[in-house]
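Observations on the model geometry
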Amino acid sequence: MASTIRVRATQSGDTTEVQALIQHPMDSGFVKDAKGETIPPHFIQELTFEYDGKSVFVADWGAAVSKDPYVKFSFKGGKKGDDLKISWIDNKGATDTTTAKIQ
Amino acid sequence: MTISDNGFSAKRRLILKGAVTVALIGPGNIPFSLAPAFAAANDKYPEDAFKAKSDADAIKSLYGKTAEPSEKVKLDAPEIAENGTVVPISVSTTLADVTSISFLVSENPNALAASYKIPAGTLPSVANRLKMAKTSNVIAIVEAGGKLYSATKEVKVTVGGCGG
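Residues numbered from 1 in each chain as written. Chains lettered and ligands numbered in written order. Predicted model: local features only at pLDDT ≥ 70, side-chain atom pairs only at ≥ 80, totals over all residues. Heavy atoms only, no water.

The next point concerns the sheet that holds strand 7 (residues 125-130) of chain B. By definition, the strands of a sheet pair up through backbone hydrogen bonds, in either a parallel or an antiparallel sense. Read across the sheet, six strands follow the order 1(A)-2(A)-5(A)-7(B)-4(B)-2(B) without closing on themselves; strand pairing throughout is antiparallel. The open sheet terminates on both sides in strands that have one partner only, identified here as strand 1 (5-12) of chain A together with strand 2 (73-76) of chain B. The average undirected angle you get between the axes of adjacent strands in this sheet is 15 degrees. Two elements, strand 5 (residues 70-76) of chain A and strand 7 of chain B, share two bridges in a ladder whose sense is antiparallel. Bridging from a neighbouring strand, A:Val71 pairs with B:Asn128 of strand 7 of chain B. (Pairing = 2+ DSSP bridges. Helix = DSSP H or I, 4+ residues; strand = E, 2+ residues; numbered from the N terminus. Axes fitted to C-alpha atoms, helices over the stretch in contact; angles between N-to-C directions.)

Below, the structure is given as structure tokens:
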């Protein structure tokens, strides 16, 4: 299965800008479906970005983060060609991990 | 009968043990309660903070202190969001020693939307997209040097994103 995580990490000067887009329903538990039944909550709780064995960014998310979440941040010290490891875990225990090369 | 009794008392003992641990850790924590204790607490997913209904309760649960408004926290959010399911919101700050940035939507069923840890070397600037149930204040909290700073902006929502 293709990864749910799409990442672009671009290095310029001494900072690396990271943009990530993840495919996930991010159901809040407040929305009803067409039959009027509540869709149970299903959302990513933790998203971690690791570079060189250290986390450079950790997101704790609630159900109020939009469907197919997007996040952008920057960190200092990334090198072109190095790996950035991204992983998430949701409230049902599902996870996904991918690595992206810094460009 | 005996078996179920045992099960019950074992469970009870666990709960009591938990209570004792909390009681022991509780007061001991106070002298260190500034940076290190909260940094350690922040390593886990803050379940309770995300379940809190109001913004004040969520901030208290997450950080254990209150925030003061600061002009150095720049919150970028639209004046009007036509679609409450996707509202682009970003925060940046000129404050030094930032350790975390959090986003809250006051009128959502659970106010806390997202909380980001900013390790040393990561820039204090985050962009994301949030759901908003209705017109509400959006609050950005920046934790810098062990203190909390905030910025607030009202976003008008024409179509809500948190319910039917």
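Here we come to the nonpolar core. As a rule of thumb, nonpolar side chains are buried together in soluble globular proteins. Within the largest apolar cluster, 67 residues are counted, with the highest numbers of intra-cluster contacts made by A:Leu47, A:Phe49, A:Trp61, A:Val71, A:Leu84, B:Phe103 and B:Tyr116. Per-element accounting of this core gives the leading share, six residues, to strand 8 (residues 136-144) of chain B. The contacts of A:Leu84, once residues within four sequence positions are left out, are A:Val7, A:Ala9, A:Val18, A:Phe49, A:Glu50, A:Tyr51, A:Val56, A:Phe75, A:Thr98, A:Thr99 and A:Ala100. (Core = buried A, V, L, I, M, F, W, Y, C linked by side-chain atoms within 4.5 Å. Buried < 20%, exposed > 50% of the residue type's maximum accessible area, 1.4 Å probe, protein only. Contact = heavy atoms within 4.5 Å.)

Another point: the interface of chain A and chain B. Contacts between the two partners involve 29 residues from chain A, matched on the other side by 33 residues from chain B. The junction of chain A with chain B conceals about 2300 Å² of combined surface from both sides, 54% of it contributed by carbon and sulfur atoms. If you look at where chain A meets chain B, you find two salt bridges. Of the charged contacts in the structure, one is a salt bridge between B:Lys117 and A:Asp60, with a shortest N-O distance of 3.2 Å. Taken together, the links from chain A to chain B amount to 17 residue pairs in polar contact (both at pLDDT 80 or more). Grouping the amino acids of the side of chain A that touches chain B by side-chain chemistry returns 17 nonpolar, seven polar and five charged. (Buried area = accessible area lost by both parts, 1.4 Å probe. Salt bridge = Lys/Arg side-chain N within 4 Å of Asp/Glu carboxyl O. Polar contact = N/O pair within 3.5 Å; in protein donor to acceptor, adjacent residues only side chain to side chain. Nonpolar A, V, L, I, M, F, W, Y, C, P; charged D, E, K, R; others polar.)

Residue and element names in this part refer to chain B. Per the counting criterion, the structure on display carries eight salt bridges over all chains. Across the pair lysine 51 and glutamate 47 runs a salt bridge whose closest N-O atoms are separated by 3.7 Å. Taken together, the positions of lysine 51 and glutamate 47, both in helix 3 (residues 47-51) and four residues apart, correspond to about one turn of that helix. Judged by its relative accessible area of 52%, lysine 51 falls in the exposed class. Given a relative accessible area of 37%, glutamate 47 falls into the partly exposed group. For the salt bridge of glutamate 143 with lysine 65, the shortest nitrogen-to-oxygen distance reads 4.0 Å. With glutamate 143 in strand 8 and lysine 65 in the loop between helix 4 (55-63) and strand 1 (68-69), this pair connects stretches of sequence that are 78 residues apart. Per residue, the accessibility class of glutamate 143 equals that of lysine 65, and both read buried.

Further remarks concern the environment of A:Ser66. In this fold, A:Ser66 is placed in the loop between strand 4 (54-61) and strand 5. Relative accessible area serves as the criterion here: at 0%, A:Ser66 is assigned to the buried category. At a separation of 2.7 Å, a polar atom in the side chain of A:Ser66 contacts the main-chain carbonyl oxygen of B:Thr85. A polar contact of 3.2 Å, which involves the side chain of A:Ser66, links it to the backbone oxygen of B:Leu130.

Right, let's get into the packing of aromatic side chains. According to the stated counting rule, one finds eight aromatic pairs over all chains in the structure shown. An aromatic cluster is built from A:Phe49, A:Tyr51, A:Phe57, A:Phe73, A:Phe75, B:Phe103 and B:Tyr116, whose rings are joined through pairwise contacts. (Phe/Tyr/Trp six-rings, centres within 6.5 Å; stacked < 30°, edge-to-face > 60°.)

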